[in-house]
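Read off the chains here:
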Amino acid sequence: MAYLQIKAGEGDSRRVDLPDSGEIVLGRLASSNVQLDYPSVSGRHCSLSKDGARYRLKDLDSTNGTCVNGESVTESIVHRGDVISLGDLQVVLMGEDVPEPPRSVVIPEHIAAKVAVPPVAGLAPAATSARSSAPAPKAATGPQFQPLTPASASSAKLPKAFKKKRSHNRIWAVVILFACALAVFLAVMLFQQMAG
């Protein structure tokens, strides 16, 4: 079965099983199929759908973009073990029925270090290369959900590359204030002309 291993930080990980067909939306909104309540994730950040035997990832015009193995994408076929970045949140596509990449994919070390998957209980560790020290995935006895909680405001510092959502409230306040001042000025001028 295909699943997403979601890792946001130290000890902050959960597994989400994927349906056999259809499209799922990942995002911060409660209406998303997979809700990810993190500052760098957009309301409707990206979608993942099964395209025959393959899985297709599509960015939904997110603020901070979607990356696969460190490369920014708008739409891409994803394979087993691919690291999907939604802002600073890391998601790994896993499962026996997810096709492996057709060629060797090199995941940048700074991303691979963030996505440490727990070891499989009862299995001997596979031979590791000098580049990869990540343990094998943990065997699951069923869907295991651990609630993800956003980091506290004091510890959650977003990289400078992340854009803040623009608020137009200040602009409207200035426009309304200017319109009120203009109306008062015109009323005074009209009153003076009528009096004189």
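Bear in mind the structure is a predicted one, so any value in this text is a computation, not a measurement. Each residue is numbered by its place in its chain's sequence as written, counting from 1. Local features are withheld for residues below a pLDDT of 70 in this predicted model, meaning they are given only at 70 or higher, and side-chain atom pairs are given and counted only at 80 or more; totals for whole chains, interfaces and linings count all residues. Only hydrogens and water are set aside; all other atoms, that is, all heavy atoms of the structure, feed into the side-chain values.

Asks: Please explain a nonpolar patch on the surface as it appears in this structure.
Replies: Here a patch means residues that are over 30% exposed by relative accessible area and free of salt bridges, tied together within 9 Å if like-charged and within 5 Å if nonpolar (Val, Leu, Ile, Met, Phe, Trp, Tyr). Residue-level accessible areas treat just the shown protein chains as cover; the underlying method is Shrake-Rupley with a 1.4 Å probe. One side-chain nitrogen of Lys or Arg within 4 Å of one carboxyl oxygen of Asp or Glu is enough to make a salt bridge. The grouping of Phe 178, Leu 182, Phe 185, Leu 186 and Met 189 at the surface amounts to a nonpolar patch, some 520 Å² of accessible area in total. Each residue's exposure class comes from its accessible area (1.4 Å probe, protein chains only) as a fraction of the maximum for that residue type: buried when under 20%, exposed when over 50%, partly exposed otherwise. By relative accessible area, Phe 185 is classed as partly exposed at 49%.

Asks: In this structure, what is going on with the side chain of Ser 40? I would like to understand it.
Replies: The numbering of helices and of strands both runs from the N terminus, where a helix is a DSSP run of H or I of at least 4 residues and a strand a run of E of at least 2. Its location among the elements puts Ser 40 in the loop between strand S4 (34–35) and strand S5 (46–51). Residue classification places Ser 40 among the buried positions, given a relative accessible area of 1%. Of the polar contacts made by the side chain of Ser 40, one reaches the side chain of Asp 88; its length is 2.4 Å. Here a polar contact is recorded for every N or O atom pair within 3.5 Å, except that within protein the pair must consist of a potential hydrogen donor and a potential acceptor, and residues adjacent in sequence are included only if both atoms are side-chain atoms.

Asks: Any chance you could explain the side chain of Ser 32 here in plain terms?
Replies: One can find Ser 32 in the loop between strand S3 (23–27) and S4. Residue Ser 32 is classed as buried on the basis of its relative accessible area of 9%. Within the structure, the side chain of Ser 32 is placed 3.3 Å from the backbone oxygen of Gly 43, a separation counted as a polar contact. Not counting residues up to four positions away in its chain, the partners in contact with Ser 32 are Val 25, Leu 26, Gly 27 and Gly 43. Contact between two residues is taken to exist if any of their heavy atoms lie within 4.5 Å; hydrogens are not considered.

Asks: Help me out: how do you make sense of the environment of Gly 87 in this one?
Replies: Positionally, Gly 87 belongs in the loop between strand S10 (83–86) and strand S11 (89–94). A relative accessible area of 15% means that Gly 87 is categorised as buried. Residues Gly 87 and Ser 62, 25 residues apart in the sequence, show an inter-C-alpha distance of 9.1 Å.

Asks: Which parts of the structure should I look at to understand the packing of aromatic side chains?
Replies: For any two aromatic rings, the description comes down to two numbers: the centre-to-centre distance and the angle of the planes. Two rings from Phe, Tyr or Trp (for Trp, the six-membered ring) form a pair when their centres sit within 6.5 Å of each other. Planes less than 30 degrees apart are called stacked, planes more than 60 degrees apart edge-to-face, and all others tilted. Inspection of every chain in the model, using the stated rule, returns zero aromatic pairs. Residue placement shows Arg 15 over the ring face of Tyr 3; its charged tip is 3.7 Å from the ring centre. Lysine NZ or arginine CZ positioned within 6 Å of the ring centre and within 35 degrees of the ring normal marks a charge as sitting over the ring.

Asks: Is there a simple way to think about unusual backbone geometry in this case?
Replies: The phi angle of most residues is negative, glycine excepted, and most peptide bonds adopt the trans form. Non-glycine residue Asp 61 carries a positive phi angle of around 55°. Its identity is not glycine, yet Asn 69 carries a phi of approximately 55°, on the positive side. In this fold, Asn 69 is placed in the loop between strand S7 (66–68) and strand S8 (71–73). Judged by its relative accessible area of 9%, Asn 69 is buried.

Asks: Which parts of the structure should I look at to understand the confidence of the model for the chain?
Replies: Detailed reading of the predicted coordinates is not advisable wherever pLDDT is low. The predicted model of the chain averages 77 in pLDDT, with 63% of residues at 70 or higher. Low pLDDT (under 50) marks residues 122–134, which in the prediction has three contacts with non-local residues, meaning those over four places away or in another chain. The pLDDT score gives, residue by residue, the confidence of the prediction method on a 0 to 100 scale.

Asks: Where do I start with the nonpolar core in this structure?
Replies: For soluble globular proteins, the rule of thumb is that nonpolar side chains tend to be buried together. Of all hydrophobic cores here, the largest spans 24 residues; its most connected members are Leu 4, Leu 26 and Leu 48. Here the element with the most residues in this core is S11; it accounts for three residues. In this view, Leu 48 contacts Leu 4, Leu 18, Gly 22, Glu 23, Ile 24, Leu 26, Tyr 55, Arg 56, Leu 57, Val 78 and Leu 93; residues no more than four positions away in its chain are not counted. Among the buried residues, those of types Ala, Val, Leu, Ile, Met, Phe, Trp, Tyr and Cys that are joined through side-chain atoms within 4.5 Å form a nonpolar core.

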